[in-house]
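Chains, contacts and geometry: an overview
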Amino acid sequence: MATRISPDEGKTRFEQGDALFVDIRDPASFAAGHLRGAVHLTQANVEPFLADTAPEKPLVIYCYHGNSSQGAADWLSEQGFSDVVSLDGGYEVLRQRFPELLEEMA
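What this report covers is the structure whose coordinates are included nearby. Only a predicted model underlies this, so the values are computations on that prediction, with no experimental measurement involved.

**Description of the pairing of strand β2 (residues 20–23)**
Going residue by residue along β2, you find Leu 20 and Val 22 tucked away on one face and Phe 21 and Asp 23 tucked away on the opposite face as well. Where β2 and strand β4 (residues 39–40) come together, 2 bridges link them in parallel fashion. Residue pairing for β4: Asp 23 is matched across the bridge by His 40.

Structure below.
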């Protein structure tokens, strides 16, 4: 089971720059705004993501509020990724507490 991390831990990991942030929200939400540099993971691109992402790459999974991301993080761990965490609070907490980390579209 993937570990859950706090928004503060997520910010630290973002600033360290070693982890890939993976957004699993719907396409319209991702297009409206997301964490800078985040990868949008959907059913449509999951196979290329699995094929092209190194299994040792640290992954931070986030959704709207931190619920769906836990299941996705667990699934990615089962696919062989060794360092996968789920971000508690999701995008909404990041948007409220750390707006400087976001890439928002007007």
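**A few points about helix α1 (residues 7–16)**
One turn of an α-helix holds 3.6 residues; hence residues three or four places apart share an orientation. Buried residues of α1: Pro 7, Gly 10, Lys 11, Arg 13 and Phe 14, and no others. What you see down the axis of α1 is that its buried residues fit within an arc of 165°, all on one side. Residues of α1 that are exposed and point more than 90 degrees away from the buried face comprise Glu 15 and Gln 16. Looking at the buried residues of α1, the elements they touch are β1 (3–5), β2, β3 (33–35), β5 (59–62), β6 (84–87) and α5 (90–97).

**Side note on the packing of aromatic side chains**
Under the defined criterion, the tally for this structure stands at 3 aromatic pairs. Ring centres of Phe 14 and Phe 21 lie 5.6 Å apart, and the angle between their planes is 75°; this geometry places the pair in the edge-to-face category. With relative accessibility at 15%, the residue Phe 14 sits in the buried group. On the basis of an interplanar angle of 20° and a centroid distance of 6.4 Å, the ring pair of Tyr 62 and Tyr 91 is categorised as stacked. Here Tyr 62 is found in strand β5, whereas its partner Tyr 91 is found in helix α5, with 29 residues between them in sequence. A residue is classified by how much of its surface remains accessible, and Tyr 62, at 0% relative accessible area, is buried. By relative accessible area, which is 4% here, Tyr 91 ends up buried. A cation over a ring is seen here: Arg 25 above Tyr 91, with NZ or CZ 3.9 Å from the ring centre.

**Here we look at the nonpolar core**
Counting residues in each nonpolar core, the largest one holds 16 residues, and the members touching the most others are Phe 21, Leu 35, Ala 38, Val 60, Tyr 62, Leu 87 and Leu 94. Counting only elements with at least two residues in this core, the list comes to β5, β6 and α5. Leu 94 has contacts with Leu 35, Leu 87, Pro 99 and Leu 102, leaving out every residue within four places of it along the chain. Core analysis: the second largest hydrophobic core is formed by 13 residues, Ala 2, Ile 61, Ala 73 and Leu 76 among them.

Calculation criteria
Residues numbered from 1 in each chain as written. Predicted model: local features only at pLDDT ≥ 70, side-chain atom pairs only at ≥ 80, totals over all residues. Heavy atoms only, no water. Buried < 20%, exposed > 50% of the residue type's maximum accessible area, 1.4 Å probe, protein only. Helix = DSSP H or I, 4+ residues; strand = E, 2+ residues; numbered from the N terminus. Pairing = 2+ DSSP bridges. Arc of directions from axis to C-beta. Contact = heavy atoms within 4.5 Å. Phe/Tyr/Trp six-rings, centres within 6.5 Å; stacked < 30°, edge-to-face > 60°. Lys NZ or Arg CZ within 6 Å of the ring centre and 35° of its normal. Core = buried A, V, L, I, M, F, W, Y, C linked by side-chain atoms within 4.5 Å.

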